[in-house]
Every structure is written in C-alpha cells, then in structure tokens.
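A structural walkthrough
Given next are the chains, with one letter for each unit.
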Amino acid sequence: TVYQPLADQAPVGMVGYQVTIIVFAFSTGIASVNLITTIATMRARGMTWSRVPVFVYGILGSSIMGLIWFPMFQYSQILALSDRVLQTSFYTPPGGGSVWLYENLFWLLGHPEVYVIVIPATAALLELMPVFLRKPLFSYKMAIAGIAGIVGLSAVVWVHHMYMTGWAPSSNYPFMLSTEMISIPFSFLVLVMLGTMWRGKPWTRLPMMAVYAVIWNKVIGGITGVYLSDVPVDQYMHGSMFVVAHFHFMLMGAGLFGAMAAIAYWFPKMTTRYLDERIGSIGFWTAFAGFQITFMSMFVAGLQGMPRRVLQFSDAFNVSNWISTIGAYIIGIGMLIFLYAIITSWRSGTPAPGNPWGAHTLEAQTETPVPLENFPVLPVVTSDPYDYGVPDPYQVADDAEMQQAEGVARVGAS
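Residues numbered from 1 in each chain as written. Predicted model: local features only at pLDDT ≥ 70, side-chain atom pairs only at ≥ 80, totals over all residues. Heavy atoms only, no water.

**Some points on the overall build of the protein chain**
We count it as follows: A run of DSSP states H or I qualifies as a helix once it reaches four residues; a run of E qualifies as a strand once it reaches two. Both are numbered from the N-terminal end. Just to be clear, the radius of gyration here is over C-alpha atoms, and the globule rule we use is 2.2 Å times residues to the power 0.38. Residue contacts are defined here by distance: any two heavy atoms, one from each residue, within 4.5 Å place the two residues in contact. Only the protein chains shown count as cover for residues, and all accessible areas are computed by the Shrake-Rupley method using a 1.4 Å probe. Residues scored as charged are limited to Lys and Arg (positive) and Asp and Glu (negative), so that His and the chain ends carry no count. Lys charges are placed at NZ, Arg charges at CZ, Asp charges at CG and Glu charges at CD.
Counting its regular elements, the protein chain contains eleven helices and zero strands. Taken against the 2.2 N^0.38 rule, which gives 22 Å for 414 residues, the C-alpha radius of gyration of the protein chain at 23 Å falls within 12% of a compact globule. A separation threshold of at least 6 residues defines the contact pool for the protein chain, and within that pool the share at least 24 residues apart is 81%. Accessible area of the protein chain: about 19,600 Å², with a carbon and sulfur share of 70%. Taken together, the 18 basic and 21 acidic charged side chains of the protein chain have centroids lying 6 Å from each other.

**Section: the confidence of the model for the protein chain**
Heads up, the rule is: pLDDT gives the predictor's per-residue confidence on a scale running from 0 to 100.
Considering every residue of the protein chain, the mean pLDDT works out to 90; 94% of them sit at 70 or more. The weakest mean pLDDT in the protein chain belongs to helix α11 (residues 393-413) at 45; the strongest belongs to helix α10 (residues 318-348) at 97. Low pLDDT (under 50) marks residues 392-402, which in the prediction has 19 contacts with non-local residues, meaning those over four places away or in another chain.

**Some remarks on the environment of Gln 77**
On the secondary structure map, Gln 77 appears in helix α2 (residues 54-85). Taking C-alpha positions, Gln 77 is 36 Å from Ile 330, a pair spaced 253 residues apart along the chain. The contact partners of Gln 77, leaving out residues within four places of it in the chain, are Tyr 17, Gln 18, Ile 21, Ile 22 and Tyr 102.

**Quick word on the packing of aromatic side chains**
For any two aromatic rings, the description comes down to two numbers: the centre-to-centre distance and the angle of the planes. For the record, the criterion: Whether two aromatic rings pair depends on their centres lying within 6.5 Å, for rings of Phe, Tyr and Trp, where Trp uses its six-membered ring; planes under 30 degrees apart make the pair stacked, over 60 edge-to-face, and the rest tilted. Categorising residues by exposure relies on relative accessible area from a 1.4 Å probe, with only protein chains included: less than 20% of the type maximum marks a residue as buried, more than 50% marks it as exposed, and the intermediate range marks it as partly exposed.
Using the criterion set out here, one finds 29 aromatic pairs in the structure. Here Phe 132 and Trp 203 contribute two aromatic rings whose centre-to-centre distance is 5.5 Å and whose plane-to-plane angle is 35°, an arrangement assigned as tilted. With Phe 132 in helix α3 (residues 99-133) and Trp 203 in the loop between α5 (172-197) and α6 (206-229), this residue pair connects regions lying 71 residues apart in the sequence. For the pair Phe 284 and Trp 285, a centre-to-centre distance of 5.0 Å together with 90° between the ring planes defines the contact as edge-to-face. Residue class for Phe 284 comes out buried when judged on its relative accessible area of 1%.

**Re the packing of α5 against α6**
Inclusion rule: The angle between two axes is taken between their N-to-C directions and runs from 0 to 180 degrees, where each axis is a line fitted to C-alpha atoms and a helix contributes only its stretch in contact. Our angle categories are set so that under 35 degrees counts as roughly parallel, over 145 as roughly antiparallel, 65 to 115 as roughly perpendicular, and the remainder as oblique. In a left-handed crossing the near helix is turned counterclockwise from the far helix by less than a right angle, and in a right-handed crossing that turn is clockwise. Residues are grouped as follows: Ala, Val, Leu, Ile, Met, Phe, Trp, Tyr, Cys and Pro are nonpolar; Asp, Glu, Lys and Arg are charged; every other residue, Gly included, is polar.
It is the contact of α5 with α6, at a shortest axis distance of 11 Å, that shows an interaxial angle of 160°. Compared by their axis directions, α5 and α6 come out roughly antiparallel. As α5 packs across α6, the resulting crossing turns out to be left-handed. Facing Met 176, Thr 179, Glu 180, Ser 183, Phe 186, Val 190, Met 193, Leu 194 and Met 197 of α5, the residues of α6 in contact are Met 208, Val 211, Tyr 212, Ile 215, Lys 218, Val 226 and Ser 229. Here the contact of α5 with α6 is built from residues that sort into eleven nonpolar, three polar and two charged.

This is the structure:
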C-alpha cells in the first residue's frame, strides 16, 4: 500500500518504486487500449457480440478496468514523487495536504485490481468447462451480465477499505450496500459454473479438476467477503489476519489456480505437446492443499485478534503462524512440481494434435504449431462456440477427435 506519510519518510529507494509504478501504469494502459481495440474491431466475420467467447469478454472487462483504474495508482505516485522532489505538500498535513487523498487514490485502484485478476481466470474456466463437460455453457448471457456487473460496480466499492479511518463516516453505509451488491454479479459467474456442471459427464482431466478447486475457494472467499463488507463486523475484523486470508482466497484461490487450469488447457496449443497430467496434477493438488492449510489457519488467527502487517506478535498466535508457515512451504513445493511438469512437458511431452480437446472455439481450429497467419482463408463464424450436443457433422468429428486425444494422452501418461 505504501501509505503516506510514512512513504515520504522512506529512503531514496522509494523514488525508484514511485517511478516504477508510474511506468507500469503507462504499460497497462497501452496494453488495455490494444486489447479493447482488437476485440472491438478485429473479430472474425460473423462473430457478433452474442458469439464472442466468454474468455474474450473476460479479457475485455479486465482491460476496461485496467485502463480506467490503474492510472489512479499512477496519479498517487506522481503526487508522492512531487512531494519528495519538488517539496509540494499533497500528502503532508503540516503543508495543508491530506493522507486521505492518497488512500482514496490507492484504493480506487486497489479494489478493482482484484477483479482485473479474478475475471480473466474465471472466464478461462467458463471457456474450458463446456469442452470437458460436452454440453453448452449454462446461460451465456448471465455470464456476460456477471462480468459487466462486476466491471460497473467495481467503481463504487473502494471506500470499504476506509471504514475505520474516520474519513467521511456518513459514506460507510452506502458503500457497504454497494460492496454487498457486487457479490450478486460475482455469484452469477459461480451459478453459471454450477449450472454447466449440472447433469454433466465431466472428462476429469486437470483443467476440469481445477474448476472444482476454484469453486471451493470462491465460495469461501465470497462468503467471508460479505462479512467484511458489513461495517459492524469490519469494526472487529479490520486490520486482522482474517482480511489477509479472505483476499488470498479470492486473488490466489481463484486467480492463481484458475491460471494453472488455463495453462493446462492451452498448453498443447502453445507448445504442440500435452502437459504431463500426472506430475501437473501432483503439483496442482499439493499447492491447493498447502493453500488451504496456510489461509484457513490465518482465518483462525484473525478471529483470535491477530493484526496484520506486524513483525512481532503475541505468543498466543504462535500455533496459527506455525501452521501457516508449513502451509506456505507446501504451496512452494507444489508450484515447483507444477513448474517441473511445464518444463519437462515442453521439452519432451507427448505430441498433441491440432485440436486436442475437441473444442469449438477458433483457436482450436488452427494447425499446431500455429502458423503466422492463423488461417489460410479467413473463417466465417455461423454459431456460438458452445453448441455442444447439437447434432451436426462437426460435432461428430469433434467427439471422435476428443476420444482419439484422450487415448493419446493415456498412452503418454503410461
């Protein structure tokens, strides 16, 4: 958080930090403009907005939030750098400045940033679920509405980070309402995931198994977030390890494990080889187990009253911290195993066909390795990418290819 005015008292290295954030915000803005423009103007013929893959919508929503809210952090550091170099007083109270200005600018970035990370990971899971369940995505429109709702409401929740600061106490309850409301579109995405799984016949490969793990984490992170959004509860929980556990269940529990699922899913397309399922699964579930140990223990420490951001703490919290430390090492071991699976599979994994999972999206229809020009003739999209179960020649071909791919993967694993 680099809160002011403490940051203004930091050594000269803080200038390097501030310059880094300023440059980083420029790069984020340029990337966001690039992605938004590409999605808006370079879709294939026939790909109307009602046929755009949900993963692309996730990238679009993330890019919009990055373009609007990341500059807020940039502005905060420009003013902080000005206080240090030009001796202005934007944040120094003796000169008429206000530290609340910094907190508002920081959290105008800080909370939308959560969704910048979580939405693409969630959208990737929604993208792969129809493939591994072989059924249409449950309520495509609800998924898009959920993404749009999160993007819109992310603009009006930042003040819940300042309930206890004394800044504008009268604003606490309106922002409590807006924070509780953002759980509604987020729940849309979870409901779409559950509805897609309903009465499905899952192909239990690593990407699909990761879906179950992320849903578990999202439920825990979402429920604890509702608690923290309420002012009376936050008066007790604020600044405690309970908060740390909550946001890690959202950021890491959904973002990181969703990213691991996406890597496993698109790995054959990126590298022309399958990810080693056995080693990759060991790494994934090891990290998942360590994650539960680490942050479940932090929930307990937070309920006991342990504050966050402290170097020394009461001996009453020793057991919880000891358990969290063990869990953190287990996470690291799991991630190293997963990294080993990536490296070895990339170098000598089982070769994968062009459409290893039998997906309907456009990237699955290109050759592997993907040529510089993706298609020799530009494709024309005539249906949405989630029409599984509709009897047509392409579906029959896809089912046959999926069975062949499953057989190849099993041979490679054995």
